[in-house]
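Structural overview
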Amino acid sequence: MKIYFVLPPNTHLISGGNLYNAHLIAELKKQYSAVEIINFSNYQQLIETKENAIFFIDTLFMEQLAELNWSENNRQKKHQKNYLITHHLESLYPPKNWTQAQYFNQKELPILKQLDGFLATSKFTQNYLINKGLKHKHIFAISPALCFKPLVKTRHYERLNALVVANLVERKGILPLLKTLAKQQLNAGDFTLTIIGTNTIEPAYAKQCADLINSNKFLKNKIKLLGALPQKEVESYYQKSNLFISAASMETYGMALQEAVAYRLPLLVLEGGNSKNHVIKNTNGFVFTNLETLVNYLIKLIEQPILFKTLLEKTWQHQPYENYTWEVAASNFLEELNLVSE
């Protein structure tokens, strides 16, 4: 049985979805020879053939899937299966003037009902689909593994150097975080914040973030907005930092959070989707229901170095991802499909 991955053309851009696809597929090709990447046009042609195949379509093609004439493409043929690589569904963070239920039922459910199954990137997404009435479908979760081997070191606690790794898009909550920080006027001598992430996806939003920093003396002295960086440079900032902050209102997995945990960075996380599942209570950080309480706790850590020292020491003992690799992920993937590694 051949496996086709239907991927968008911008696979070179740095995003959690692109990294997940690239690493999973690379490892699958080592274990199973019949794996191929195609575009959506190729997919439309292949589903009309009699070729035995399983298709995995990226969620970025939801609009194109909505336009397919499912009734005429012989989908009932048992030799073909169509799965969605469920990186993110818009209903999880719906557009303004839509509720989650409205968007899911009107925009997504008609498409999802046509599919045979779903590859979820987290148990959170898997449960979301099940709870939305799709439990009769084949829904399985393959979480991402680390894309590198972290080089960890013990960290100082005298000065708090925080890190955010997130693209400058609304869902990641960078602008509200900056506004909340500006209100608090933290001691510039005790705190720095580095933000790494592309500014090209939502350029108007990214400009708002940059303009706010440049127009506020306090933020300008404390915050570095670095844009997208090569992976090796990102890793160096994980090493240099001693705290990780996530202000995202929705994460279907949170690969940057996973990386921060692997580098044994304490986490201050805004509750949203799968984010909280990276935090172990009383061990490696805290989950907050709003940014005000998150920033207030940040101030507490700055003002009480011994409290911060204790958090760093507890976090150092937390090592959950060391035995889970992309090789394991690919093996689990093939097992779910009842396909044998070669």
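Keep in mind that what you see is a predicted model, and the values were worked out from it rather than measured.

Conventions adopted
- Residues numbered from 1 in each chain as written.
- Predicted model: local features only at pLDDT ≥ 70, side-chain atom pairs only at ≥ 80, totals over all residues.
- Heavy atoms only, no water.
- Helix = DSSP H or I, 4+ residues; strand = E, 2+ residues; numbered from the N terminus.
- Rg over C-alpha atoms; globule rule 2.2 N^0.38 Å.
- Buried < 20%, exposed > 50% of the residue type's maximum accessible area, 1.4 Å probe, protein only.
- Contact = heavy atoms within 4.5 Å.
- Areas by Shrake-Rupley, 256 points an atom, 1.4 Å probe, with all protein chains shown as cover.
- Axes fitted to C-alpha atoms, helices over the stretch in contact; angles between N-to-C directions.
- Parallel < 35°, antiparallel > 145°, perpendicular 65-115°, else oblique.
- Nonpolar A, V, L, I, M, F, W, Y, C, P; charged D, E, K, R; others polar.
- Pairing = 2+ DSSP bridges.
- Right-handed = clockwise from strand over helix to strand, strands pointing away.
- Patch = residues over 30% accessible without salt bridge, like charges linked within 9 Å, V, L, I, M, F, W, Y side chains within 5 Å.
- Salt bridge = Lys/Arg side-chain N within 4 Å of Asp/Glu carboxyl O.
- Lys, Arg positive; Asp, Glu negative; His and termini not counted.
- Charge placed at Lys NZ, Arg CZ, Asp CG, Glu CD.
- pLDDT = per-residue confidence, 0-100.
- Polar contact = N/O pair within 3.5 Å; in protein donor to acceptor, adjacent residues only side chain to side chain.

In terms of helices and strands, the chain carries 13 helices and 12 strands. In terms of overall size, the chain behaves like a compact globule, its C-alpha atoms giving a radius of gyration of 21 Å where 342 residues would be expected to give roughly 20 Å. Projected onto its principal axes, the C-alpha positions of the chain cover 65 × 45 × 35 Å. Taking all 342 residues of the chain together, 52% fall into the buried category. Put simply, 74% of the contacts in the chain that link residues at least 6 apart link residues at least 24 apart. Counting only carbon and sulfur atoms, one obtains 50% of the accessible surface of the chain, whose full area is about 16,300 Å².

Running from N to C, helix 1 (residues 16–31) and helix 13 (residues 326–336) cross one another at 70 degrees; their axes reach a closest spacing of 9 Å. Taken together, the axes of helix 1 and helix 13 lie roughly perpendicular to each other. Only Trp326, Glu327, Ala329, Ala330, Ser331, Phe333 and Leu334 of helix 13 make contact with helix 1, whose side of the interface consists of Tyr20, His23, Leu24, Glu27, Leu28 and Gln31. Its residues placed into classes, the contact of helix 1 with helix 13 shows eight nonpolar, three polar and two charged.

Across the sheet, six strands lie side by side as 2-1-3-4-5-6; this open sheet has parallel pairing. If you trace the sheet from one side to the other, it starts and ends with strand 2 (35–38) and strand 6 (138–141), each paired once. Pairs of neighbouring strands in the sheet enclose a mean axial angle of 20 degrees, with direction left out of account. Where strand 1 (residues 2–6) meets strand 2, four bridges bridge the pair, whose relative direction is parallel. Across the sheet, the residue bridging to Tyr4 is Glu36, located in strand 2.

Bridge count for strand 5 (residues 117–120) against strand 6 is four bridges, and the pairing is parallel. Considered in strand 6, the bridge of Leu119 is made with Phe140. Considered for its hand, the β-α-β crossover made up of strand 5, helix 5 (residues 123–134) and strand 6 is right-handed.

Here strand 10 (residues 243–246) shows two buried faces, one formed by Leu243 and Ile245 and the other by Phe244 and Ser246. Across two bridges, the pairing between strand 7 (residues 160–165) and strand 10 is parallel. Bridge pairing in strand 10 links Ala162 to Leu243. Relative to strand 11 (residues 267–270), strand 10 runs parallel, the two being bridged by three bridges. Bridge pairing links Ser246 to Val269 in strand 11. In terms of handedness, the path from strand 10 via helix 10 (residues 255–262) over to strand 11 forms a crossover that is right-handed.

We now examine a positive patch on the surface. Taken together, the side chains of Lys153, Arg159, Lys224 and Lys240 define a basic patch exposed on the protein surface. With respect to the helices and strands, the residue Lys240 is situated in helix 9 (residues 231–240).

For the chain, mean pLDDT is 91; residues scoring 70 or higher make up 94% of the total. When the elements of the chain are averaged for pLDDT, helix 8 (residues 217–222) gives the smallest value, 91, and strand 10 the largest, 98.

Following the sequence through the fold, Lys309 ends up in helix 12 (residues 305–316). For Lys309, a relative accessible area of 29% puts it in the partly exposed group. Taking the C-alpha atoms as reference points, Lys309 and Glu158, 151 residues apart in sequence, are found 8.3 Å from one another. Within the local environment of Lys309, its side chain forms a polar contact with the side chain of Glu313, the two groups lying 2.7 Å apart.

This part takes up the sheet that holds strand 12 (residues 285–288). Pairing is parallel in the open sheet, where six strands are placed in the order 9-8-7-10-11-12. A strand with exactly one partner marks an edge of an open sheet, and here the two such strands are strand 9 (223–227) and strand 12. The sheet shows a mean angle of 20 degrees between the axes of neighbouring strands, direction not considered. Across four bridges, the pairing between strand 8 (residues 191–196) and strand 9 is parallel. Bridged to Ile195 within strand 9 is Leu225.

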